[in-house]
Amino acid sequence: MAPSAPRTGIGIDIGGSGIKAAPVDLEQGTFLVERLKTATPRPATPEAVAEVVADLAASFPEHVSESAPLGVTFPAVIQHGVARSAANVDPSWVGADAEKLLSEATGRAVGVVNDADAAAVAEHRYGAARGVRGVALLTTLGTGIGTALLVDGRLVPNTEFGHLEIDGYDAETRAASSVQDREGLSYEQWARERLQRYYDEVERLLWPDLIVVGGGVSRIADRFLPYLDLNAPIVPAELRNTAGIVGAACLAVERFGPARTGGAPQPST
Ligand code: BGC
């Protein structure tokens, strides 16, 4: 049976190396089919990225209707649809109206959201922060450090605590998982020397009730989380690499409503 429109959306995750897309079952927080991935164009200018996004958004006609809204994650500050920073992406994005650009390219209503914010929404609806009250902080450890703050499940958008200045450094340049690779640190060294300092500072400023760790390394969280000694419980994300896509789709459907006309097309027989 084809899913009905209110339960489905499309999510696209724009990252430094790949752009990934999947139709999402919003009841379950899962992909309806395996995601598609395209290499991020080089240079990753807004126009070049928009072309890839348009192709990917049109790739699931049997799962989502033409009018279903599209949720997109982007690894920078996104204020009311406009990119405001570009720590690890092409600088030409700064000031670009990402929502306008992508809705013109795809012909859909598009909601663009910071990548960590999208992941946090998904973890709160379906994963490690499910139903958590109080202050939950999600941190994604990857090329940089993304952060997202939820207060009783409500997102405070665009927190950029990955860029806290700690000991004179931009924190992500000392504690992101790319730094562990680059400097050849063991998981124990990375945790004890870099993450402990980072999370101590974050706790001192925010006093979260729960910390969720996302990003690729959340798969192997048992190699470094046990070395951390913090006040709040710190747990790995549960949705792993689906969180951004699921969260973005969720936010887009909440914002724009489901598809405008009678649901997803029936599969052809
Ligand atoms: C950016 C954030 C982003 C994070 C993870 C940081 O460098 O400033 O906006 O969420 O990387 O991609």
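Residues numbered from 1 in each chain as written. Predicted model: local features only at pLDDT ≥ 70, side-chain atom pairs only at ≥ 80, totals over all residues. Heavy atoms only, no water.

An unreviewed UniProt entry annotates the protein as Polyphosphate glucokinase originating from Streptomonospora salina. Per UniProt, the protein has the following entry under Sequence similarities (unreviewed entry): "Belongs to the ROK (NagC/XylR) family." (UniProt positions renumbered as here; feature names shortened; annotations may be inferred.)

### Here we look at the site of the ligand
As a matter of local geometry, the ligand sits amid Pro75, Ala76, Val77, Ala87, Asn88, Asn114, Asp115, Ile145, Gly146, Glu160, His163 and Glu172. Between the ligand and Asn88, the relevant distance is 3.1 Å, taken from an oxygen atom to a side-chain nitrogen or oxygen of the residue. The separation between an oxygen atom of the ligand and a polar side-chain atom of Glu172 is 2.8 Å. For the ligand, the protein covers 93% of the area, taking 310 Å² as the surface of the free molecule. If you map the ligand onto the pockets, it falls in the largest pocket. In this structure, the shell around the ligand is formed jointly by two domains, domain 1 (8–117 + 242–256) and domain 2 (128–237), each of which donates at least three residues. (Near = heavy atom within 4 Å. Polar contact = N/O pair within 3.5 Å; in protein donor to acceptor, adjacent residues only side chain to side chain. Areas by Shrake-Rupley, 256 points an atom, 1.4 Å probe, with all protein chains shown as cover. 1 Å grid on protein atoms, 1.4 Å probe; cavity = no way out; pocket = protein on both sides within 12 Å on 5 of 7 lines; lining within 4 Å. Sits in = over half its atoms within 2 Å of the grid points. Domains from an automatic or database assignment.)

### Some words on the domain arrangement of the protein
Here the domain parsing of the protein yields domain 1 (8–117 + 242–256) and domain 2 (128–237). Put simply, the middle of domain 1 and the middle of domain 2, counted by C-alpha atoms, are 24 Å apart. Every contact between the two is made by 9 residues of domain 1 and, on the other side, 14 residues of domain 2. Counting the surface domain 1 buries against domain 2, the share from its top three residues, Asn88, Ala116 and Asp117, is 60%. In this structure, the connection of domain 1 to domain 2 is made through 0 salt bridges. Summed over the shared surface of domain 1 and domain 2, the result is 2 residue pairs in polar contact (both at pLDDT 80 or more). Contributing elements (two or more residues each) for the side of domain 1 that touches domain 2: strand 6 (78–79) and helix 3 (115–126). Residue classes in the side of domain 1 that touches domain 2 are distributed as 5 nonpolar, 3 polar and 1 charged. (Contact = heavy atoms within 4.5 Å. Buried area = accessible area lost by both parts, 1.4 Å probe. Salt bridge = Lys/Arg side-chain N within 4 Å of Asp/Glu carboxyl O. Helix = DSSP H or I, 4+ residues; strand = E, 2+ residues; numbered from the N terminus. Nonpolar A, V, L, I, M, F, W, Y, C, P; charged D, E, K, R; others polar.)

### Thoughts on helix 7 (residues 243–256)
Residues that lie three or four places apart on an α-helix share one face, since the helix turns once every 3.6 residues. Across its 14 residues, helix 7 extends 20 Å between first and last C-alpha, which sits within 8% of the 20 Å expected from 1.5 Å per residue. Counting buried positions along helix 7 yields 10 of 14 residues, so the element is predominantly enclosed. Turning to helix 7, its buried residues number three or more, namely Ala243, Gly244, Ile245, Val246, Gly247, Ala248, Ala249, Cys250, Ala252 and Val253. Among the residues trailing helix 7, Gly257 stands out with phi positive, at a value near 80°. (Expected span 1.5 Å × (residues − 1). Buried < 20%, exposed > 50% of the residue type's maximum accessible area, 1.4 Å probe, protein only.)

### Structural notes on the side chain of Glu203
Of note, Glu203 is situated in helix 6 (residues 187–206). In this structure, Glu203 is buried with no salt-bridge partner, the nearest side chain bearing the opposite charge being Arg204 at 10 Å. Engagement of the side chain of Glu203 in a polar contact is seen with the backbone nitrogen of Asn231, the distance being 2.8 Å. Ignoring any residue separated from it by four or fewer positions in sequence, one finds Glu203 in contact with Pro208, Ile211, Leu230, Asn231 and Ala232. (Lys, Arg positive; Asp, Glu negative; His and termini not counted.)

### Observations regarding the pairing of strand 1 (residues 8–14)
Here strand 1 lies mainly inside the structure; 7 of its 7 residues are buried. Side-chain alternation along strand 1 places Thr8, Ile10, Ile12 and Ile14 on one buried face and Gly9, Gly11 and Asp13 on a second face that is also buried. The pairing of strand 1 with strand 2 (residues 18–25) spans 7 bridges and is classified as antiparallel. Within the sheet, the bridge partner assigned to Ile14 lies in strand 2 and is Ile19. (Pairing = 2+ DSSP bridges.)

### Side note on the layout of surface pockets
Looking at the largest pocket, its volume works out to about 1100 Å³. The wall of the largest pocket is formed by 47 residues, among which Asp115, Thr140, Gly142, Thr143 and Gly215 lie closest to the centre. Broken down by secondary-structure element, the contributors of at least two residues to the lining of the largest pocket are strand 1, strand 2, helix 3, strand 9 (135–141), strand 10 (145–151) and helix 7. At 4 residues, the largest contribution of residues to the lining of the largest pocket is made by helix 3. In terms of residue class, the lining of the largest pocket is built from 13 nonpolar, 24 polar and 10 charged. Here the lining of the largest pocket spans two domains, since at least three of its residues come from each of domain 1 (8–117 + 242–256) and domain 2 (128–237). (Points joined across faces, edges and corners; volume = space filled by probe spheres on them.)

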